[in-house]
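Here is how the chains run, residue by residue.
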Amino acid sequence: MSAEAADREAATSSRPCTPPQTSWFEFLLQESLLEKHLRKPCPDPAPVQLIVQFLEQASKPSVNEQNQVQPPPDNKRNRVLKLLALKVAAHLKWDLDVLEKSLSVPVLNMLLNELLCISKVPPGTKHMDMDLATLPPTTAMAILLYNRWAIRTIVQSSFPVKQAKPGPPQLSVMNQMQQEKELTENILKVLKEQASDSILVLEAALKLNKDLYVHTMRTLDLLAVEPGMVNGETESSTAGLKIKTEEMQCQVCYDLGAAYFQQGSTNPAVYENAREKFFRTKELIAEIGSLSLHCTIDEKRLAGYCQACDVLVPSSDSTTQQLTPYSQVHICLRTGNYQEVIKIFVEDNLTFSLPVQFRQSVLRELFQKAQQGNEALDEICFKVCACNTVRDVLEGRTISVQFNQLFLRPNKEKIDFLLEVCSRSINLEKASEPLKGNMAAFLKNVCLGLEDLQYVFMISSHELSITLLKDEERQLLVEQMRKRSPRVNLCIKPVTSFYDIPASASVNIGQLEHQLILSVDPWRIRQILIELHGMTSEREFWTVSNKWELPLVYSSVILGIKDNLTRDLVYILMAKGLHCSTVKDFSHAKQLFAACLELVTEFSPKLRQVMLNEMLLLDIYTHEAGTGQSGERPPSDLISRVRGYLEMRLPDIPFRQVISEECVAFMLNWRENEYLTLQVPAFLLQSNPFVKLGQLLAATCKELPGPKESRRTAKDLWEVVVQICSVSSQHKRGNDGRVSLIKQRESTLGIMYRSELLSFLKRLREPLVLTIILSLFVKLHNVREDIVNDITAEHISIWPSSIPNLQSVDFEAVAITVKELVRYALSINPNNHSWLIIQADIYFATNQYSAALHYYLQAGAVCSDFFNKAVPPDVYTDQVIKRMIKCCSLLNCHTQFFIPFDFLNRLFASLSFNHDAMDSYYDYIWDVTILEYLTYLHHKRGETDKRQIAVMLKISQYPDEISRLPLLVSFFKPLLGSLNLPPY
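Below is a summary of the structure that appears in this document. (Residues numbered from 1 in each chain as written. Predicted model: local features only at pLDDT ≥ 70, side-chain atom pairs only at ≥ 80, totals over all residues. Heavy atoms only, no water.)

Digging into the overall build of the chain
Part 1: In terms of helices and strands, the chain carries 47 helices and four strands.
Part 2: Nonlocal contacts in the chain, meaning residues at least 24 apart in sequence, comprise 68% of its contacts between residues at least 6 apart. (Helix = DSSP H or I, 4+ residues; strand = E, 2+ residues; numbered from the N terminus. Contact = heavy atoms within 4.5 Å.)

A short note on the state of the cysteines
Part 1: Taken as a whole and assessed by the stated rule, the structure comprises zero disulfides.
Part 2: Unpaired in this structure, Cys422 has its nearest cysteine sulfur neighbour in Cys387, at a distance of 9.6 Å.
Part 3: Given a relative accessible area of 0%, Cys422 falls into the buried group. (Disulfide = S-S within 2.5 Å. Buried < 20%, exposed > 50% of the residue type's maximum accessible area, 1.4 Å probe, protein only.)

Some remarks on unusual backbone geometry
Part 1: A positive phi angle is found at Lys93, which is not glycine, with a value near 60°.
Part 2: Along the chain, the position of Lys93 falls in the loop between helix H5 (76-91) and helix H6 (96-102).
Part 3: Not every positive phi belongs to a glycine, and Lys120 is a case in point at roughly 70°.
Part 4: Along the chain, Lys120 turns up in the loop between helix H7 (105-118) and helix H8 (137-157).

Focus on the nonpolar core
Part 1: Judged by nonpolar contacts, the single largest core of 129 residues is most densely connected at Leu697, Leu717, Leu761, Phe777, Leu780 and Tyr876.
Part 2: In this structure, Leu717 is in contact with Leu693, Leu696, Leu697, Thr700, Ile772, Leu776 and Trp799, ignoring residues within four places of it in sequence.
Part 3: In terms of nonpolar packing, the next biggest core, distinct from the first, is built from 79 residues, Met110, Met141, Ile143 and Ile297 among them. (Core = buried A, V, L, I, M, F, W, Y, C linked by side-chain atoms within 4.5 Å.)

Description of the packing of aromatic side chains
Part 1: The full count for this structure, using the stated rule, is 12 aromatic pairs.
Part 2: With 5.4 Å between their ring centres and 65° between their planes, Phe261 and Tyr271 make a pair best called edge-to-face. A residue pair is termed long-range when its members are at least 10 positions apart, and Phe261 in helix H12 (residues 245-263) and Tyr271 in helix H13 (residues 271-288) qualify at 10 residues.
Part 3: Between Phe844 and Tyr849, the aromatic rings sit 5.6 Å apart at their centres with planes inclined by 75°, giving edge-to-face as the arrangement.
Part 4: Residue Tyr849 is classed as buried on the basis of its relative accessible area, which comes to 16%.
Part 5: Taken together through their ring pairs, the aromatic side chains of Tyr254, Phe261, Tyr271, Phe278 and Tyr305 make up a single cluster.
Part 6: Over the ring of Phe279 we find Arg275; its NZ or CZ atom is 4.6 Å from the centre of that ring.
Part 7: Positioned over the ring face of Phe382 is Lys414, at 5.1 Å from the centre of the ring. (Phe/Tyr/Trp six-rings, centres within 6.5 Å; stacked < 30°, edge-to-face > 60°. Lys NZ or Arg CZ within 6 Å of the ring centre and 35° of its normal.)

Here's the deal with the pattern of salt bridges
Pairing is possible between side chains that carry opposite charge, provided their charged atoms lie close to one another.
Part 1: Taken as a whole, this structure holds 32 salt bridges when the rule is applied.
Part 2: The partner of Arg148 in a salt bridge is Asp255, with the nearest N and O atoms 2.5 Å apart. Of this pair, Arg148 sits in helix H8 while Asp255 is found in helix H12, placing the two residues 107 residues apart along the sequence.
Part 3: In this structure Arg148 comes out as buried when scored by relative accessible area, which is 10%. (Salt bridge = Lys/Arg side-chain N within 4 Å of Asp/Glu carboxyl O.)

Side note on the side chain of Asn832
Part 1: Looking at the secondary structure, you find Asn832 in the loop between helix H39 (811-828) and helix H40 (833-845).
Part 2: A relative accessible area of 16% places Asn832 in the buried class.
Part 3: Within the structure, Asn832 has its side chain in polar contact with the backbone nitrogen of Trp835 (distance 3.2 Å). (Polar contact = N/O pair within 3.5 Å; in protein donor to acceptor, adjacent residues only side chain to side chain.)

Comments concerning the packing of helix H18 (residues 377-394) against helix H20 (residues 412-424)
Part 1: With their axes 10 Å apart at the nearest point, H18 and H20 run at an angle of 40° to one another. Regarding the angle of H18 to H20, the classification is oblique. For the pair H18 and H20, the sense of crossing is right-handed. Of the residues in H20, those in contact with Phe382, Lys383, Ala386, Cys387 and Val390 of H18 are Lys414, Phe417, Leu418, Val421 and Cys422.
Part 2: Within the contact of H18 with H20, the residues separate by chemical class into eight nonpolar, no polar and two charged. (Axes fitted to C-alpha atoms, helices over the stretch in contact; angles between N-to-C directions. Parallel < 35°, antiparallel > 145°, perpendicular 65-115°, else oblique. Left-handed = near helix turned anticlockwise from the far one by under 90°. Nonpolar A, V, L, I, M, F, W, Y, C, P; charged D, E, K, R; others polar.)

Let's talk about the packing of H18 against helix H21 (residues 433-448)
Part 1: Look at H18 against H21: their axes get within 8 Å of each other, and the N-to-C directions meet at 130°. With respect to H21, the element H18 is oriented oblique. Judged by residue contacts, Thr389, Val390, Val393 and Leu394 of H18 engage Leu435, Asn438, Met439 and Phe442 from H21.
Part 2: A class-by-class count of the residues in the contact of H18 with H21 yields six nonpolar, two polar and no charged.

As for H5
Part 1: An ideal rise of 1.5 Å per residue puts 22 Å on 16 residues; H5 measures up with 22 Å between its terminal C-alpha atoms.
Part 2: Of all the residues in H5, the buried ones are Asn78, Leu81, Lys82, Leu83, Leu84, Ala85, Leu86, Lys87, Val88, Ala89 and Ala90.
Part 3: Taken from the residues just after H5, Lys93 is the one with a positive phi, measuring 60°. (Expected span 1.5 Å × (residues − 1).)

Some details on helix H38 (residues 767-782)
Part 1: Spanning 16 residues, H38 covers 22 Å between terminal C-alpha atoms, matching the ideal 22 Å at 1.5 Å per step.
Part 2: Within H38, 14 of the 16 residues are buried, which leaves the element mostly enclosed by the surrounding structure.

Focus: the environment of Gln402
Part 1: One can find Gln402 in helix H19 (residues 401-406).
Part 2: Between the C-alpha atom of Gln402 and that of Cys381, which follows or precedes it by 21 residues, the distance is 9.6 Å.
Part 3: Setting aside anything within four residues of it in sequence, one finds Gln402 in contact with Phe367 and Cys385.

What to know about the environment of Pro872
Part 1: Within the fold, Pro872 resides in the loop between helix H41 (849-862) and helix H42 (878-890).
Part 2: Taking the C-alpha atoms as reference points, Pro872 and Gly860, 12 residues apart in sequence, are found 8.3 Å from one another.

Below, the structure written as structure tokens:
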């Protein structure tokens, strides 16, 4: 070996080598390795990475011999992996701040569910029903951790999140991100549904007066060695890491305060609860001191919360002198005391206590009010803007555009006020030289922007200018103004000149991106993108706004376009078009889609068909929102295009499910039942469940007059809906291993699937179709044989009378669906008596008797010309009248009780025992038989005056027995006025 080679080998061998990263499976093979690894100063992988790896491996699905994907098996390997993840979290002392920062919502959800499981929390039991005081300390602490995380996650999800800049588009990565996003949304939906329960659990925790303990690595090891040790050391009052009562209450108070504060945007009354919790947190922090190891509160954020609560819910015993500047400004804005706001801002120019962003937000709020027509605020806007400008000048920032706009046409009052603000905003004795220099430069610039020499003399001769500017500077300033050409009128210089200052490329790019976000003109969008790509070729401009979202099936195709400019243009045009369609700006949406269609026609037949499909959907929306609402049939061309779409068979073309749903709903709404039943291709029936549902609905409506034939198609429709509403169908959704993270929430997945069905049904407007689907769900609701709470509906006899597997139907979800459907149907036609009776029956079944009576009366009114005609007997059946009687009785409306009896002619027994002022209500009785009985009754009792009233009423009834029906309305009006009806 040469000397040179020997030196090279020696240098190589002397280099420090990076130790290989420890793999997750090594911790399975060697029990003590985990503790050794976590003791390292900088372990690689980090603890949170280990948690992710352990739980990912434990939740991987298995594949059986038939190559079918199965849920993760509950074997020793997976149990040990979950235990290792818990031990790592125990090493981190269950610090939610650390865990939330590094773990995604699905992973943390699985981790805390495993903690609940190992802490002996019974699965399926609501935490709010458990008495924390009687539970073992570790069990109670596990429940608190889970519910703290639940409300923290809800609060965190309400904050805007800056979208991360994506890398090069990769389909597998995008699919994984989409799955993660959907899974997170599912978990958040469940957490929000349980938010009130979590708050109750945490409120109950504040009443505990004992220390709690949380699992450590040692207690978890004991559980693993001897799982049956339920009364031993692992559940004793001293096992685990001790959490003092004050520390626990401090954390819980802070989390509850954040939850209440977040709810305050929709329910301002809970701000009082938030204030109480935040100020209690401050008290507990003062008691605990800075030595606490387990209580980590962001005190700056807490101070901000307290300051906000002071503004939103000022303390009743606080005076104006005790309020913070924030509170004073908000109170002044609320009461319209704008002069006081100006005074506070001027004083703040000396103290710099209010952030500039806050002052700017106040100015924006005033500008918005002024633009809404409050001209009195124009002067206030200028004064506040002047205060903010002086503050900017003192801190060395540039003058805002708003000030230049408001000072375009100066006058004596404006200049006087500006000089007053400048004088009161600087203490010349204590001010630093840079501060004085900033103010002097500002005064000089204001003078240079003025044309009228009178205003220049006002400023240059002011005491502040004399102090800050030397005599030579002031004299030179006046000379410059005199030499200025009178033809140059600076006071009317357009604001746009402010942007004529040479700017850097980054500023120009930012301005163009801003215009790109705001523009809906396709040709302007194209021009802006050409300019942007001319400045830089490294940016992906389709990522400028996180509001530009496309369905995954579209984005995967569009992002595959090789030319960057074309890719950005197609993506942005389609995203903006979809957004305009969503907000019902159909004219701009059509322009954007037309431009995009023209562009993609040149190079992509696949995208051309996509755009044709989207334009078809847009035309459907346009017709439904326009002439379709008045009942005008769509043009034959649109119906032909819808048929063409449904018959199209292009497997390579990406499509959105919503287009098929809208097309099917469109055909049903315009009674194209013949086409749906006979001409829909078979492959579409197999691949699209909504097309199948539409065919069954159309067939049932078409064959409804013939009961025998309709029963056959009705049975098919019945079986489809029963299968959707069955709990067992929920297990068919999602074979991804991540499903195990929410495997205890199958019922929620079922409701989500039913919500897709409900969203389809809510696109229907044809009365017969809505009546049929309502009838089906009502029959499904009644199939439990609860006769007392049965709901009536038209055509209910065409459905089967029983279900083979009754236990499999989620009747709670069926009841929710019935309520949603009838509410939607009444929004389409509030005068359909059949739907009104269904709504009344629903309220009656749920013991809301005042609302039920309201809808029973409304159903009678709409089909009898407001009781000027007889109510048809098929509307006020015996069952309906009996329910009206029961409503009156249970509402303690005893005097109105006998009016529904009039319909049944069963009043006689009641009248025989009535000795009160019954003659006061004779005006509301129109049945002659009842009046004859009353005449006889009063004659028998010797009540001559009352007998005479009954006789006169009887005589008046003979010409037309129903002529007094309007009196029924006036009789019930006091009752209806006193009803506390639920929101409809």
